[in-house]
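# Tertiary structure, described
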Amino acid sequence: MRLSIMLDLIWNLAAKEAISANFKDIEPEHVFMALLKVSELQPQDLSKLASSAEVAREAEREVSQLRGMTEKHGLDSTRVRRKLREVLGHGQHHYDGGVIHRAQATREMFDASAMMAADNGGDTLTAVHLCQFLLKSPTERMRAVIGEGGGVEAASKLPPKVAEFGEPLKPVVSTGPKDEVSLPLLKVLAGHLRSQKKLTILITKDKLAARAAVEGLDAAIRRADDWARPIRNRRIIDMTGPFKPTEVGGGTHKRLLEALEEACGQEDLVFLLSG
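If you're wondering where the values come from, they're calculated on a predicted model, not measured in any experiment.

### Here we look at the environment of valine 80
- With respect to the element layout, valine 80 can be found in helix α5 (residues 77-88).
- Along the primary structure valine 80 and methionine 33 are separated by 47 residues, whereas in three dimensions their C-alpha atoms are 7.9 Å apart.
- In contact with valine 80, not counting residues within four places along its chain, are Phe32, Leu36, Leu75, Val145 and Ile146.

See below:
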C-alpha cells in the first residue's frame, strides 16, 4: 500500500515528540499529537512545504479532511497535545542520534489503519485513516484526555463547582448575525477570545444585549464560519440565571469564587455574567 505525502511529515513530527520526551520508540500517542499538529496547517504553510502546486493541492485536501475530523470530535488541538504530554510524562531514554523506531503498538496501529484503508477500497494510507483508527480505538492514555467519545464526551462535562452556578449556552437556530448584533462586533469579540489563553468572563448590565452577542458568536462557531474557526473549541457558560446552590443557607459567594477559581484551569470556557 502506498503512503500519502503527509505521512512523512507526520512521522517526523511524531519522532520529535518521542525524542523530546526521552522515549525510546514512537508511541501511538506521539502519532496522534503529530496528526493534531498537522490539522492546524493552513494552505500557505503547505505551499511552503510542497515541491509543486499539485502536491500542495493534494496536501490541502488531506489536511482539510483531517481538520474536519478533529472538529467533528470537538478536539482542541493545542490543549489535547499539551494534556497528552502531561499524561505521557518522560521516559528514561537519551537520544544520541540515528533512526527512532515505532513501538509495537504503533506498528499494529499502522497495520490496522492500512487494513481499514484497503477495506474501503483504497490503495493509499493517509493521515485520515490513522486518525480514524485512533479515535475509534484510543489508547488508555488517550482516553484519559479525550474520553471514550473521541473528545465529545469529555468536552461535555463541566467542572463540578462550575456546574453548580452555570450551564453551557443552549444553541439557537441562526443563519447569520442577529439584526441587533453586527458582524464586526462579533469579530471583535472573537478576536479577543482568540488572544486570551485563560478564562474569559463577560460582565454586562444589559443582559439581553450580551445574550444576543454571545448567541451570535456561539452560532458562528457551530456553523464553522471561517472567522470563528480559531475559537471553535470555546464553550460559553451561561451564568445569568438564578444561582443553584446545593447547600441551604449562606456561603454562596464563597462557592462562586471557588467555582471561578476552578474554572481558571479550563482554557476553553467563556462566562456570561449579569451585572
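Still more ground to cover, so stick around.
### Structural notes on the pairing of strand β5 (residues 235-239)
- β5 sits mainly inside the fold: five of its five residues count as buried.
- Going residue by residue along β5, you find Arg235, Ile237 and Met239 tucked away on one face and Ile236 and Asp238 tucked away on the opposite face as well.
- In this sheet, β5 lies alongside strand β3 (residues 167-168) in antiparallel orientation, the contact comprising two bridges. From the neighbouring strand, proline 168 faces β5, where its bridge partner is isoleucine 237.

### A closer look at the side chain of threonine 70
- Positionally, threonine 70 belongs in helix α4 (residues 53-72).
- If we ignore the near neighbours within four places in the chain, the residues touching threonine 70 are Leu36, Ser39 and Leu75.

### Some words on the environment of leucine 217
- By the secondary structure assignment, leucine 217 is in helix α12 (residues 207-223).
- Along the sequence, leucine 217 and lysine 187 sit 30 residues apart, while their C-alpha atoms lie 8.4 Å from each other.

### Brief notes about helix α2 (residues 28-39)
- The terminal C-alpha atoms of α2, which comprises twelve residues, lie 17 Å apart, in line with the 16 Å expected from a rise of 1.5 Å per residue.
- With eleven of twelve residues buried, α2 is to be regarded as a mostly interior element.
- Restricting attention to buried positions, one finds in α2 the residues Pro28, Glu29, His30, Val31, Phe32, Met33, Ala34, Leu35, Leu36, Val38 and Ser39.
- For α2, the secondary structure elements touched by its buried residues are α1 (7-20), α4, α5, α6 (104-119), α7 (127-136) and α8 (140-146).

### Here's the deal with the nonpolar core
- Membership of the largest hydrophobic core comes to 41 residues, with the highest contact counts inside it found for Ile10, Val31, Phe32, Leu35, Val80, Leu130 and Ile146.
- Secondary-structure elements contributing two or more residues to this core are α1, α2, α4, α5, α6, α7 and α8.
- For leucine 35, the contacting residues outside a window of four places in its chain are Ile10, Leu66, Ala127, Leu130, Cys131 and Leu134.

### Some details on the pattern of salt bridges
- Scanning all chains against the criterion turns up five salt bridges.
- Close ionic contact of glutamate 17 with arginine 85 constitutes a salt bridge, the shortest N to O distance being 2.8 Å. With glutamate 17 in helix α1 and arginine 85 in helix α5, this pair connects stretches of sequence that are 68 residues apart.
- Its relative accessible area of 36% is what places arginine 85 among the partly exposed residues.
- The partner of arginine 81 in a salt bridge is glutamate 40, and the shortest N-O contact between them spans 2.9 Å. With arginine 81 in helix α5 and glutamate 40 in the loop between α2 and α3 (43-49), this residue pair connects regions lying 41 residues apart in the sequence.
- Assessed through its relative accessible area of 8%, arginine 81 is described here as buried.
- A relative accessible area of 27% means that glutamate 40 is categorised as partly exposed.

The rules behind each value
Residues numbered from 1 in each chain as written. Predicted model: local features only at pLDDT ≥ 70, side-chain atom pairs only at ≥ 80, totals over all residues. Heavy atoms only, no water. Helix = DSSP H or I, 4+ residues; strand = E, 2+ residues; numbered from the N terminus. Contact = heavy atoms within 4.5 Å. Buried < 20%, exposed > 50% of the residue type's maximum accessible area, 1.4 Å probe, protein only. Pairing = 2+ DSSP bridges. Expected span 1.5 Å × (residues − 1). Core = buried A, V, L, I, M, F, W, Y, C linked by side-chain atoms within 4.5 Å. Salt bridge = Lys/Arg side-chain N within 4 Å of Asp/Glu carboxyl O.

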